[in-house]
Amino acid sequence: MKGDQTGQELLEEALRVLDPNVIGFEIDFQTFDLSLEHRRKTNNQVVYEAAQAMKRTGFGLKAATITPEEKGDVGSPNAILRKEIDGKVIIRTGRRIPGVRPVAGTFAPISVIRMAVGDAYGAKEWRDGEGLDEIAYRTETIDRKTCRAVAEFAFRHAKKTNAKVFGGPKYTVSPVYEGMLKEEMDLASQKYPEVRYEPQLIDATYALLINNSGDPLVIPALNRDGDCLSDMVLQLFGSIAGSESILMSFDDEFNPQVIMAEAPHGTAPSLFGKNVANPMAMILAAASLLTYFGDAKASAASRAIYESVIETVREGVRTSDLGGSSTTSEFTNEVISKVQTKLEVWTTLQGF
């Protein structure tokens, strides 16, 4: 799914890494132009077509797009995509970037499992009264199925990564609304007794994260809490461009059904056309998709890409946001070279 400005430029960098000459096999891409101009031209029809394609194939790779602020315009393509594929959670993981000093000594990975729909997003809003007597209202909703998906995936992810489920909503102030997610977290804890569980109110979660350094954490969160929290978590590790963002829908057993990967950042118009933006998150987004293909070659390519990105940064090839002077294309070139070397070596050593 093509995007806007720097978002599209970084998608093209990620696609360079997924070239058959790099990863050793071909991916059959269906392309949809989700640029603002084309969304306006098709009155968002192209967004619905992209969503249907993801439902057919199970996968999507999306560039960052512009969401216009004007009322009555085409709005957010992400909101449409999430609704159409029945997306339930968004996963963003902050992890150590070698050579980049994390904030407050944060070293262990932190995954935010964010509710993908409902809550403050798409809420009905209105105002009554005039002057100083004017009152603003908003009606927000969450549903138990989505809360269960967030809690279930959080505990499964924590079990897989040997992490602790930590944090949660402000259930003391909002026992009916926010308490629904807490209820599902508690139920999931009973289902997965082997997973460490330390529920915290959202404000305490923010405060305690600044002091955390040792334990890998998985944090289930409401939609807007997770939006804010994931940005902060990624920045704790040095850059919002340091991790992929994954949207998932699930089957009735809460197994992944549709996976859409993208970068967590926006279109960065100030960097457009300058070849200086960090492609790390978009490349990692591409790698993350490969892990769900259920294919040995794809799994090997995914691992090679992840390792190559981290090694590239460690060796000092960094864009300016990470304190380096490398261009976007120079960073990608180095990643491609490392991926090709790794896959060639691993193939040679098969059977040893």
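Everything numeric here is computed off the predicted structure, so don't read it as measured data.

Participant: When you look at helix α8 (residues 202-211) in this model, what are you seeing that I'm missing?
Facilitator: One turn of an α-helix holds 3.6 residues; hence residues three or four places apart share an orientation. Of the positions making up α8, those classed as buried are I202, T205 and L209. Projected down its long axis, α8 shows its buried positions confined to an angular sector of 40°, all on one face.

Participant: What is the right way to read the environment of V100 from this model?
Facilitator: Mapped onto the elements, V100 comes out in the loop between β2 (89-94) and β3 (110-115). Looking at V100, the relative accessible area reads 9%, which means it is buried. Taking C-alpha positions, V100 is 6.3 Å from G238, a pair spaced 138 residues apart along the chain. For V100, the contacting residues outside a window of four places in its chain are F237, G238, V313 and L322.

Participant: Please explain the pairing of strand β5 (residues 135-141) as it appears in this structure.
Facilitator: One face of the sheet, then the other: side chains in a regular strand alternate in exactly this way. Note: strand β4 (residues 119-128) against β5, six bridges, orientation antiparallel. The residue of β5 that forms the bridge with K124 is T139. Once β4 ends, the chain turns through six residues before running back antiparallel as β5, passing G129 with a positive phi of about 90°.

Participant: Even after reading the chapter, I still don't get the sheet that holds strand β9 (residues 245-250), so can you show me in this structure?
Facilitator: Paired through backbone hydrogen bonds, the strands of a sheet run either parallel or antiparallel to each other. Read across the sheet, eight strands follow the order β1-β10-β9-β2-β3-β8-β6-β7 without closing on themselves; strand pairing throughout is mixed. Taken across any chain shown, the strands that pair with only one partner, and hence form the sheet edges, are β1 (59-62) and β7 (197-199). Going across the sheet, the axis of each strand differs from the next one's by a mean of 20°, ignoring polarity. Of the strand pairs in this sheet, β9 and strand β10 (residues 256-262) are connected by six bridges, and their pairing is antiparallel. If you follow L247 over to β10, its bridge partner there is M260. Where helix α9 (residues 223-236) meets the sheet, its contacts fall on β2, β3 and β8 (217-221), and the angle it forms with β3 comes to roughly 155°.

Participant: Is there a simple way to explain the pattern of salt bridges in this structure?
Facilitator: Should their charged atoms come close, side chains of opposite charge can pair. Summed over the entire model, instances satisfying the criterion amount to 27 salt bridges. With its nearest N and O atoms 3.7 Å apart, the salt bridge here joins K62 to E262. A residue pair is termed long-range when its members are at least 10 positions apart, and K62 in strand β1 and E262 in strand β10 qualify at 200 residues. Summarising the burial analysis for this pair, K62 and E262 share the class buried. Beyond isolated ion pairs, a larger network of salt bridges with shared partners links R144, R148, E183 and E184.

Participant: Teacher, can you tell me more about the packing of α8 against α9 here?
Facilitator: Two packed helices can be described by the angle between their axes and the distance between those axes. The interhelical angle for the contact between α8 and α9, taken along N-to-C directions, is 5°, at an axis separation of 12 Å. Here α9 runs roughly parallel to α8, going by the angle between their axes. Mapping the contact onto sequence places I202, Y206, L209 and I210 in α8 and D225, C228, L229, M232, V233 and L236 in α9. The class makeup of the residues in the contact of α8 with α9 is nine nonpolar, no polar and one charged.

Participant: I tried to follow the environment of I91 on my own but got confused; where do I start?
Facilitator: Mapped onto the elements, I91 comes out in strand β2. Each C-alpha atom, one on I91 and one on T348, is 35 Å from the other, the two residues being 257 residues apart in sequence.

Participant: Even after reading the chapter, I still don't get the environment of S239, so can you show me in this structure?
Facilitator: Counting through the fold element by element, S239 comes out in the loop between α9 and β9. Sequence-wise, S239 and E198 are 41 residues apart; in three dimensions their C-alpha atoms are separated by 27 Å. Those residues in contact with S239 that sit more than four places away from it in its chain are L234, N278, D321 and L322. Among the polar contacts listed, one links the side chain of S239 to the backbone nitrogen of A241, at a separation of 3.0 Å. Side chain to side chain, S239 and D321 meet in a polar contact 2.8 Å long.

Participant: Looking at this structure, how should I read the packing of helix α6 (residues 144-161) against helix α7 (residues 179-191)?
Facilitator: Where α6 contacts α7, the two axes come as close as 8 Å, and the packing angle between them is 40°. Accordingly, the angle class assigned to the pair α6 and α7 is oblique. With respect to the hand of their crossing, α6 and α7 are arranged in right-handed fashion. Contacts from R144, C147, R148, V150, A151, E152 and F155 of α6 reach α7 at M180, L181, E183, E184, M185, L187, A188, S189 and K191. For the contact of α6 with α7, the residue count by class is nine nonpolar, one polar and six charged.

Participant: What should I look at first to understand unusual backbone geometry in this one?
Facilitator: The bulk of non-glycine residues show a negative phi, and the bulk of peptide bonds are trans. Even without being glycine, D86 reaches a positive phi, approximately 60°. For D86, the location among the structural elements is in the loop between α5 (77-84) and β2. On the basis of relative accessibility, which here comes to 36%, the residue D86 falls in the partly exposed class. Backbone geometry places N275, a non-glycine residue, at a positive phi of 60°.

Participant: Would you take a moment to explain the state of the cysteines for this structure?
Facilitator: A disulfide bridge is the covalent bond that connects two cysteines by way of their sulfur atoms. Applying the stated criterion across every chain, the model contains zero disulfides. Cysteine C147 remains unbridged, with the sulfur of C228 as its closest cysteine sulfur at 18 Å. Note on C147: relative accessible area 0%, which makes it buried.

Cut-offs applied
- Residues numbered from 1 in each chain as written.
- Predicted model: local features only at pLDDT ≥ 70, side-chain atom pairs only at ≥ 80, totals over all residues.
- Heavy atoms only, no water.
- Buried < 20%, exposed > 50% of the residue type's maximum accessible area, 1.4 Å probe, protein only.
- Helix = DSSP H or I, 4+ residues; strand = E, 2+ residues; numbered from the N terminus.
- Arc of directions from axis to C-beta.
- Contact = heavy atoms within 4.5 Å.
- Pairing = 2+ DSSP bridges.
- Axes fitted to C-alpha atoms, helices over the stretch in contact; angles between N-to-C directions.
- Salt bridge = Lys/Arg side-chain N within 4 Å of Asp/Glu carboxyl O.
- Parallel < 35°, antiparallel > 145°, perpendicular 65-115°, else oblique.
- Nonpolar A, V, L, I, M, F, W, Y, C, P; charged D, E, K, R; others polar.
- Polar contact = N/O pair within 3.5 Å; in protein donor to acceptor, adjacent residues only side chain to side chain.
- Left-handed = near helix turned anticlockwise from the far one by under 90°.
- Disulfide = S-S within 2.5 Å.

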